[in-house]
Amino acid sequence: MNYEPKKNPRLLAADYLLPISAEPISGGAIAVGEKKIIAVGTIKELGEKFPAVAIEHFGEAVIMPGLINCHSHLEITAMRGFLDDVEADFYSWLMKLTKTRGERLTEEDIKTAALAGALEGVRAGVTCFGDIGRFGKAGFEALKINGLRGVLFQETDFSPDDQTADEEFSKLQDKFLELKDSETELVRVGLSPHAPYTVSRRLFEKITDYSIAENIKISVHAAESNEEKDFFQTGAGFFAGVYKKLNLEWCAPQTSPVRYLSDIGVLQAKPLLAHCVKVSDADIRLIADSNSRIAHCPKSNAKFGHGGAPLEKFLSAKIRVGFGSDSVASNNTCDVFEEARFAALFARNRADKSRFLHAREIIEAATLGGAGALGLEREIGTLEAGKQADLIVVSLDNLAQMPVHDVYSTLLFASNARDVQMTMVAGEEIYRYGAAKKIDEAELKTRIKTIAVKMSIG
Ligand SMILES: [Zn+2]
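Bear in mind the structure is a predicted one, so any value in this text is a computation, not a measurement.

A.B. asks: Help me out: how do you make sense of the coordination of the zinc ion in this one?
C.D. replies: Ideal geometry at a metal centre: 109.5 degrees between donors when four sit tetrahedrally, and 90 or 180 degrees when six sit octahedrally. Listed as protein donors to the zinc ion are His71 (NE2), His73 (NE2), His221 (NE2) and Asp326 (OD); their distances from the metal cover 2.1 to 2.5 Å. Given 4 donor atoms and angles of 86 to 172° at the metal, the environment of the zinc ion is assigned as irregular.

A.B. asks: So what exactly am I meant to see when it comes to the pattern of salt bridges here?
C.D. replies: When their charged atoms lie close together, side chains carrying opposite charge are able to pair. For the structure shown, the criterion picks out 37 salt bridges. Arginine 355 is the salt-bridge partner of glutamate 361, the closest N and O atoms lying 3.1 Å from each other. Lysine 438 serves as the salt-bridge partner of glutamate 428, at 3.0 Å between the closest nitrogen and oxygen. With glutamate 428 in strand β16 (residues 428-432) and lysine 438 in the loop between β17 (435-436) and α16 (441-457), this residue pair connects regions lying 10 residues apart in the sequence. Here glutamate 428 falls in the partly exposed class, since its relative accessible area comes to 36%. Residue class for lysine 438 comes out partly exposed when judged on its relative accessible area of 38%. If you follow the salt bridges from partner to partner, you end up with Arg10, Glu56, Glu429, Arg432 and Lys437 in one network.

A.B. asks: Is there a simple way to think about helix α15 (residues 407-414) in this case?
C.D. replies: Turn by turn, an α-helix covers 3.6 residues, leaving residues three or four places apart pointing in a common direction. Taken residue by residue, α15 has Val407, Tyr408, Thr410, Leu411 and Leu412 as its buried positions. In this structure, the buried side of α15 is in contact with β1 (10-17), β5 (61-65), α13 (336-349), α14 (359-373) and β14 (391-395).

A.B. asks: Explain the packing of aromatic side chains to me, please; I cannot follow it from the model alone.
C.D. replies: Two numbers describe a pair of aromatic rings. These are the distance of the centres and the angle of the planes. Counted under the stated rule, the structure contains 15 aromatic pairs. Ring geometry for phenylalanine 90 against phenylalanine 304: centres 5.2 Å apart, planes inclined by 80°, an arrangement best described as edge-to-face. With phenylalanine 90 in helix α2 (residues 90-103) and phenylalanine 304 in helix α11 (residues 298-304), this pair connects stretches of sequence that are 214 residues apart. For the residue pair phenylalanine 90 and phenylalanine 304, the accessibility class agrees, reading buried in each case. Relative to tryptophan 250, the ring of tyrosine 243 lies with its centre 5.7 Å away and its plane at 70°, an arrangement referred to as edge-to-face. Tryptophan 250 gets classed as partly exposed once you look at its relative accessible area, which sits at 27%. By the ring-pair criterion, three or more aromatic residues cluster together here, those being Tyr197, Phe231, Phe232, Phe238, Phe239, Tyr243, Trp250 and Tyr260. Lying over the aromatic face of phenylalanine 82, lysine 96 brings its terminal NZ or CZ to 4.3 Å of the ring centre.

A.B. asks: How should the packing of helix α7 (residues 226-233) against helix α8 (residues 238-245) be read in this particular structure?
C.D. replies: Working note: a packed helix pair is described by the angle between its axes plus the distance between those axes. α8 packs onto α7 with a crossing angle of 70° between their chain directions and a minimal axis gap of 7 Å. Comparing their axes, α8 and α7 come out roughly perpendicular. On α8, the residues touching Glu227, Glu228 and Phe231 of α7 are Phe238, Phe239, Ala240 and Tyr243.

A.B. asks: Would you mind going over unusual backbone geometry with me for this structure?
C.D. replies: Across residues other than glycine, the phi torsion is negative in most instances, and most of the peptide bonds are trans. Cis rather than trans, the peptide bond between asparagine 331 and asparagine 332 has omega equal to 0°. Its location among the elements puts asparagine 332 in the loop between β13 (321-323) and α13. Positive phi outside glycine occurs at lysine 270, with the angle close to 50°. Residue placement: lysine 270 occurs in the loop between α9 (257-263) and β11 (272-275). Of note, cysteine 276 is a non-glycine position whose phi angle comes to about 50°, a positive value. One can find cysteine 276 in the loop between β11 and α10 (281-289).

A.B. asks: Would you take a moment to explain the environment of glutamine 401 for this structure?
C.D. replies: With respect to the secondary-structure elements, glutamine 401 resides in the loop between β14 and α15. A sequence separation of 10 residues divides glutamine 401 from leucine 411, and the C-alpha atoms of the two residues are 8.4 Å apart. Discounting chain neighbours no more than four positions away, the residues touching glutamine 401 are Ser395, Leu396, Thr410, Ala414, Ser415 and Asp419. Polar contacts involving the side chain of glutamine 401 include one to the side chain of serine 415, which spans 2.9 Å.

A.B. asks: Would you mind showing me how to read the domain arrangement of the chain here?
C.D. replies: Accessible area lost when the parts come together is the quantity often used to give the size of an interface. Entries for the chain in the domain assignment read domain 1 (10-66 + 381-436) and domain 2 (67-373). With centres defined by C-alpha atoms, the gap from domain 1 to domain 2 works out at 30 Å. If you look at the interface, domain 1 gives 35 residues, while domain 2 gives 30 residues. Of the roughly 2600 Å² buried between domain 1 and domain 2, counting both surfaces, carbon and sulfur atoms make up 65%. Considering only the surface of domain 1 that becomes buried against domain 2, Tyr408, Leu412 and Phe413 emerge as the three largest contributors, covering 24% of it. The tally of links between domain 1 and domain 2 comes to 3 salt bridges. Across the contact surface, domain 1 and domain 2 share 11 residue pairs in polar contact (both at pLDDT 80 or more). For the side of domain 1 that touches domain 2, the secondary structure elements donating two or more residues are β5, β14, α15, β15 (420-425) and β16. Considering each element in turn, the side of domain 1 that touches domain 2 owes the most residues, 6 residues, to α15. For the side of domain 1 that touches domain 2, the residue count by class is 21 nonpolar, 9 polar and 5 charged.

About the cut-offs
Residues numbered from 1 in each chain as written. Predicted model: local features only at pLDDT ≥ 70, side-chain atom pairs only at ≥ 80, totals over all residues. Heavy atoms only, no water. Donors = N, O, S within 2.8 Å, 3.2 Å for Na, K, Ca; no water. Tetrahedral: all angles 85-135°; square planar, octahedral: opposite > 155°, others 65-115°. Salt bridge = Lys/Arg side-chain N within 4 Å of Asp/Glu carboxyl O. Helix = DSSP H or I, 4+ residues; strand = E, 2+ residues; numbered from the N terminus. Buried < 20%, exposed > 50% of the residue type's maximum accessible area, 1.4 Å probe, protein only. Contact = heavy atoms within 4.5 Å. Phe/Tyr/Trp six-rings, centres within 6.5 Å; stacked < 30°, edge-to-face > 60°. Lys NZ or Arg CZ within 6 Å of the ring centre and 35° of its normal. Axes fitted to C-alpha atoms, helices over the stretch in contact; angles between N-to-C directions. Parallel < 35°, antiparallel > 145°, perpendicular 65-115°, else oblique. Polar contact = N/O pair within 3.5 Å; in protein donor to acceptor, adjacent residues only side chain to side chain. Domains from an automatic or database assignment. Buried area = accessible area lost by both parts, 1.4 Å probe. Nonpolar A, V, L, I, M, F, W, Y, C, P; charged D, E, K, R; others polar.

Structure, rendered in structure tokens:
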């Protein structure tokens, strides 16, 4: 491995260390260099290897890879709870969101919201986001300022008309290239053609060709609801009404959304598909065979009443699956432990489940799975020498977590964001014991509350 260890690495230890790539280590320790992990082992082993270095012991806690939130919309964090009154009707939900974002919020407000959303993740042990941004710059800057890792997927506008595809593509490309210019080692940019029902076939094809030629990561919302499925299968239903209202033509391909994405070539770009709730076994095979990935967002799906994706089938098909909070407007929290717990409980409780999911594979999905979903599994997702030092310390000393019989089980079924004590990205601590290191949280709270007042009174 090509890392350059500092003369004096930091040694962190805790009652448990979860490498994910190997069995849990009781009394585990990790040596962290400038950015990367130098060694992982027992406290005794690392103490002997680095005799001159003091060990910092977190006690009753777990050191584990950072959590990965591979589908978020940080820029609409100020909408938390704001749309709950219209969420029974997805069209009204979307209209209220678009109108408020376009008419009542300034660019500065959206930036503030994204900063707050990213900080919520930091406090919850998220070290890496796959964030979708209509106003891409807001999420992009929020990740950078918080010291996080991530991929910002610059999203398309509503663009269902083939006629305007060239113009839409060049608009998107301009935004992408502007962000690309200020990419860092930690924060990269990708593209998000929003969804099969808002992006024309021609625009999809152009984005796909571009992303394959330039090696750009892409993410697409896909197979989220029955309404979307019906629109593709029969051309009828909710979206047919929307198209009619807007005077748009639609010729249903009479196939599933995933099959449609495969047919028009999008799966060749190995996209990260968000949701995949309405998928058949044949769709799952298309996703697996094309090496596409999935962002599983069980809480958002449930909050809308869309149903639940067959997580255990994705994992059995060896698809790279991570968890996504989606926006806090449809969740309403960014807590990957809670998301993982909900995923496990929902998967076990589905009447048509194909098998029983175990705690260990769910915690793997929350870490290594998310890394794979974002195409970053060589850099992050496990605690191994040579990988980036993206890690968290999760306390186990809350009465509600005791006793610990199996550490995976305690993390999944009895822990949450509030148990996270420390968050580190690329060797740099960005949060510890309630305090963000990079951001003035008190000031941010005041700004978010001010934005909320403005949203409500218009
Ligand atoms: Zn989404």
